[in-house]
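One letter stands for each residue in the lines below.
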Amino acid sequence: CEDGYQTLRIHDHELSSRFAVRPSIKLTSVKPSGSVSLLAGATPGLHFPEARYYLRRVRLSKQGDFKLIKALHEAGYHIEEAVDDPRCDIVAVPISIGQNMKRFHQDQDQDDNKDANKDANKDEDESLCIRT
């Protein structure tokens, strides 16, 4: 076990040097992925989310999850029968990734907002200029 950890440290140091990044702090942890990551408030993969809000579709068994499906229907959730398996229903659950989670297009959104602010203040800035 110790030999394996030392091997990981050596490779991490070599790769960190090659790519000019800091060495990893942890080498033996397993990242949460899929549905488990959502419990930790993380994204379900390596990529940034596309939007702040999205629909997560969950497949539920009509027999085993009947009471849950009924409660979700009464609460107003969109539910439809699974096309590939009539024994299941698909429930659309609205999700918010939160305000502080970085999004894929977030940098572009900020650039667009800066451009809009520049355009809005253009006349004001020009009135302060002294032309010679």
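Residues numbered from 1 in each chain as written. Predicted model: local features only at pLDDT ≥ 70, side-chain atom pairs only at ≥ 80, totals over all residues. Heavy atoms only, no water.

**Details of a nonpolar patch on the surface**
A grouping of L15, F19 and V21 is seen on the molecular surface, where their side chains present a nonpolar patch of about 300 Å² in accessible area. Within the secondary structure, L15 is located in helix 1 (residues 2–18). Its relative accessible area of 40% is what places L15 among the partly exposed residues. (Patch = residues over 30% accessible without salt bridge, like charges linked within 9 Å, V, L, I, M, F, W, Y side chains within 5 Å. Areas by Shrake-Rupley, 256 points an atom, 1.4 Å probe, with all protein chains shown as cover. Salt bridge = Lys/Arg side-chain N within 4 Å of Asp/Glu carboxyl O. Helix = DSSP H or I, 4+ residues; strand = E, 2+ residues; numbered from the N terminus. Buried < 20%, exposed > 50% of the residue type's maximum accessible area, 1.4 Å probe, protein only.)

**Points about the pairing of strand 2 (residues 78–81)**
Where strand 2 lies against strand 3 (residues 88–96), four bridges are found, and the strand directions are antiparallel. What sits directly across from H78, in strand 3, is A92. Remark: six residues form the turn of the hairpin made by strand 2 and strand 3, two consecutive strands paired antiparallel. (Pairing = 2+ DSSP bridges.)

**Here we look at the confidence of the model for the chain**
Per-residue confidence for the chain gives a mean pLDDT of 75; residues scoring 70 or more make up 59%. The spread of mean pLDDT over the elements of the chain runs between helix 4 (residues 106–128), the lowest at 49, and strand 2, the highest at 94. A low-confidence stretch, residues 119–132 (pLDDT under 50), is modelled with one contact involving residues beyond four sequence positions or located in other chains. (pLDDT = per-residue confidence, 0-100. Contact = heavy atoms within 4.5 Å.)

**Considering the side chain of S16**
Mapped onto the secondary structure, S16 falls in helix 1. In terms of polar contacts, S16 uses its side chain to reach the backbone carbonyl oxygen of D12, at 2.7 Å. Sequence-distant contacts of S16, that is, excluding residues within four places in its chain, are made with V21, R22, P23 and S24. (Polar contact = N/O pair within 3.5 Å; in protein donor to acceptor, adjacent residues only side chain to side chain.)

**Focus on the environment of V93**
Mapped onto the elements, V93 comes out in strand 3. Between the C-alpha atom of V93 and that of L55, which follows or precedes it by 38 residues, the distance is 5.4 Å. Setting aside residues no more than four positions away along its own chain, V93 makes contact with Y54, L55, R56, V58 and Y77.

**Observations concerning helix 1**
The first and last C-alpha atoms of helix 1 sit 24 Å apart over 17 residues, in line with the 24 Å expected at 1.5 Å per residue. One or two steps after helix 1, the chain reaches A20, where phi turns positive at roughly 55°. (Expected span 1.5 Å × (residues − 1).)

**As for the sheet that holds strand 3**
The sheet built from three strands is open, its strands ordered 1-3-2 with antiparallel pairing. Bordering the open sheet on either side are strand 1 (53–61) and strand 2, each of which pairs with just one other strand. The sheet shows a mean angle of 30° between the axes of neighbouring strands, direction not considered. In this sheet, strand 3 lies alongside strand 1 in antiparallel orientation, the contact comprising nine bridges. Its bridge partner lying in strand 3, L60 is registered against D89. (Axes fitted to C-alpha atoms, helices over the stretch in contact; angles between N-to-C directions.)

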